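Survey of secondary and tertiary structure
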Amino acid sequence: MLQIDQSFTMTHQFPVCFDRDTLAPESPLLRDILERAGPGPHRVLPVIDQNVLQAHPDIVDRLQLYADTHGEALELIEPPLIVRGGEISKSDPTEVDEFYQRTQTQNIDRHSFALVIGGGAVIDAIGYAAATAHRGIRLIRMPTTVLAQNDAGIGVKNAINYRGRKNYLGTFAAPFAVINDFDFLASLPSRDRVSGIAEAIKVALIRDGDFFNWLHDNRQGLAEFSAEPTEYMITRCAELHLNHIRTSGDPFEQGSARPLDFGHWCAHRLEEISASELRHGEAVAIGIALDSIYSYLKGMITLESLSRIRTTLEGVGFSLTHTALESLDIHKALEDFREHLGGRLCITLLTREGAAQEVDEIDHRLMERCRQYLLEGTWPS
């Protein structure tokens, strides 16, 4: 028998930047990011979320002016690829296929860039397309929603939905850079502003008790989308997510423990049941509530903590019940999540505000009680 053992180490390095008016001709950020790849000009295909284009109808002209101003670094591949926003971009293969076609017809190769400007679903779908075309086209993400700026757009995961299963096909592929431009947030509908806050509450509950206290104390300002608390929330949430990816020892999730998926085992199922009528963040908020009640009933957190979690979630604007909860098959949702993790169930539960524990068994009858609390709106007291 012949056996050749090998091992190698790779360093993934990409900046996550926070900015305003990034596409102004005098802004150096995008130019400087492209110049990290060496002398230009670098060919860049803009991929724009249709919702962003509707809210910012001048964005194509602004991109062209920026390219004209920084021609030594940037050559736009025209016309931009406009894709549908929201979960349809992940569930229908049209968006990904259009990207593949453009790589063929316009000779987009691994030394080119895709600049994707949009919400989390579009970034997920085009990230998957970019990671699989030519085994990897360099990707610059410009997230335009709260959820995408503090979570979905900053990590190393990309995915599309397949046969009704959320994120069934995907890759782990680090972007070349991420640019969070706060100016895009001003045009968001109120519902989308609130939705992204769920991921901040999630990561605070499992990682940073002081941050959770801050979220609780600033819930009114966050509900009103005041600039200062909103921007701090996004940057701190992004920092905590990135710190986990960098220091957990499992950035590509080879194991079963996925603490950043607190509240997600049922959230993904609720999205599927509601045919994506529930936003991801709205489903995560319900998942946080469900697993927080379960943590309390198991004696892991105090009633005071549970009350503060409810006050925070509802205070920023979440409804913690939905008709999709009535159709939730707890056993099947947990089994699907176990399969997604790789064979062993691993559910994150709270031990206090800012700390969590993974468990591999869930009492289905007790979890059913938790669901009834949410359906009836009568939490433990």
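What counts, and at which threshold
Residues numbered from 1 in each chain as written. Predicted model: local features only at pLDDT ≥ 70, side-chain atom pairs only at ≥ 80, totals over all residues. Heavy atoms only, no water. Helix = DSSP H or I, 4+ residues; strand = E, 2+ residues; numbered from the N terminus. Rg over C-alpha atoms; globule rule 2.2 N^0.38 Å. Buried < 20%, exposed > 50% of the residue type's maximum accessible area, 1.4 Å probe, protein only. Polar contact = N/O pair within 3.5 Å; in protein donor to acceptor, adjacent residues only side chain to side chain. Contact = heavy atoms within 4.5 Å. Pairing = 2+ DSSP bridges. Axes fitted to C-alpha atoms, helices over the stretch in contact; angles between N-to-C directions. Parallel < 35°, antiparallel > 145°, perpendicular 65-115°, else oblique. Left-handed = near helix turned anticlockwise from the far one by under 90°. Nonpolar A, V, L, I, M, F, W, Y, C, P; charged D, E, K, R; others polar. Expected span 1.5 Å × (residues − 1).

**Looking at the overall build of the protein chain**
Of the regular secondary structure elements, the protein chain holds 17 helices and 11 strands. Over its C-alpha trace the protein chain gives a radius of gyration of 21 Å, about what one expects of a compact globule, namely 21 Å for 381 residues. Along the first, second and third principal axes, the C-alpha set of the protein chain runs to 65 × 65 × 35 Å. Counting every position in the protein chain, which comprises 381 residues, the buried fraction comes to 54%.

**Observations concerning the side chain of Glu-353**
With respect to the secondary-structure elements, Glu-353 resides in the loop between strand E10 (347-352) and strand E11 (355-359). A polar contact of 2.9 Å, which involves the side chain of Glu-353, links it to the side chain of Ser-305. Engagement of the side chain of Glu-353 in a polar contact is seen with the side chain of Arg-308, the distance being 3.0 Å. Leaving out residues up to four positions away in the same chain, Glu-353 has contacts with Leu-205, Gly-209, Phe-212, Asn-213, Ser-305 and Arg-308.

**Some thoughts on the pairing of strand E8 (residues 165-172)**
Judged from the five bridges that link them, strand E7 (residues 157-162) and E8 form a sheet pairing that is antiparallel. Along E8, the bridge assignment pairs Ile-160 with Leu-169. Linking E7 back to E8 in an antiparallel pair, the connection comprises two residues, with Arg-163 at a positive phi of about 50 degrees.

**Topic: the environment of His-268**
Its place among the elements puts His-268 in helix H13 (residues 264-273). With near-sequence residues (within four places) excluded, His-268 lies in contact with Lys-166, Asn-167 and His-280.

**Regarding the packing of helix H14 (residues 280-297) against helix H17 (residues 364-376)**
Taken N-terminus to C-terminus, the directions of H14 and H17 make an angle of 125 degrees; their axes are 9 Å apart at the nearest point. Here H14 is positioned oblique relative to H17, judged by the angle of their axes. With respect to the hand of their crossing, H14 and H17 are arranged in right-handed fashion. Here H14 contributes Ile-286, Ala-289, Leu-290, Asp-291, Ile-293, Tyr-294 and Leu-297 to the contact with H17, which in turn contributes Leu-366, Met-367, Arg-369, Cys-370, Arg-371, Tyr-373 and Leu-374. Counted by class, the contact of H14 with H17 contains 11 nonpolar, no polar and three charged residues.

**Some thoughts on the packing of helix H10 (residues 209-217) against helix H15 (residues 303-316)**
Relative orientation of the contacting elements H10 and H15 amounts to 50 degrees, with a least axis distance of 9 Å. Relative to H15, H10 is oriented oblique. For H10 against H15, the interelement crossing comes out left-handed. Here Phe-212, Asn-213, Leu-215 and His-216 of H10 lie close against H15, whose contacting residues are Arg-308, Ile-309, Thr-311 and Thr-312. Taken together, the residues of the contact of H10 with H15 sort by class into three nonpolar, four polar and one charged.

**Quick word on helix H6 (residues 120-132)**
Taking 1.5 Å of rise per residue, the 13 residues of H6 would be expected to cover 18 Å, and the 18 Å separating its terminal C-alpha atoms lies within 8% of that figure. Taken across its 13 residues, H6 has 12 buried, putting it largely inside the fold. Buried within H6 are the following residues: Gly-120, Ala-121, Val-122, Ile-123, Asp-124, Ala-125, Ile-126, Gly-127, Tyr-128, Ala-129, Ala-130 and Ala-131. Backbone geometry just downstream of H6 places His-134 in the positive-phi region, at approximately 55 degrees.

**Topic: the environment of Lys-166**
Tracing the backbone through its elements, the reader meets Lys-166 in strand E8. Along the backbone, Lys-166 and Ala-152 are 14 residues apart, and their C-alpha atoms lie at a distance of 14 Å. Residues in contact with Lys-166, not counting those within four places in the same chain, are Glu-87, Lys-90, Asn-161, His-268, Glu-271, Glu-272 and His-280. A distance of 3.3 Å separates polar atoms of two side chains, one belonging to Lys-166 and the other to Glu-271.

**Here we look at H17**
With 13 residues, H17 extends 18 Å between its outermost C-alpha atoms, agreeing within 8% with the 18 Å of an ideal straight helix rising 1.5 Å per residue. Of the residues that open H17, the one with a side-chain oxygen 3.1 Å from the backbone nitrogen of Arg-365 is Asp-363. In the segment just after H17, Gly-377 is the residue with positive phi, at about 70 degrees.

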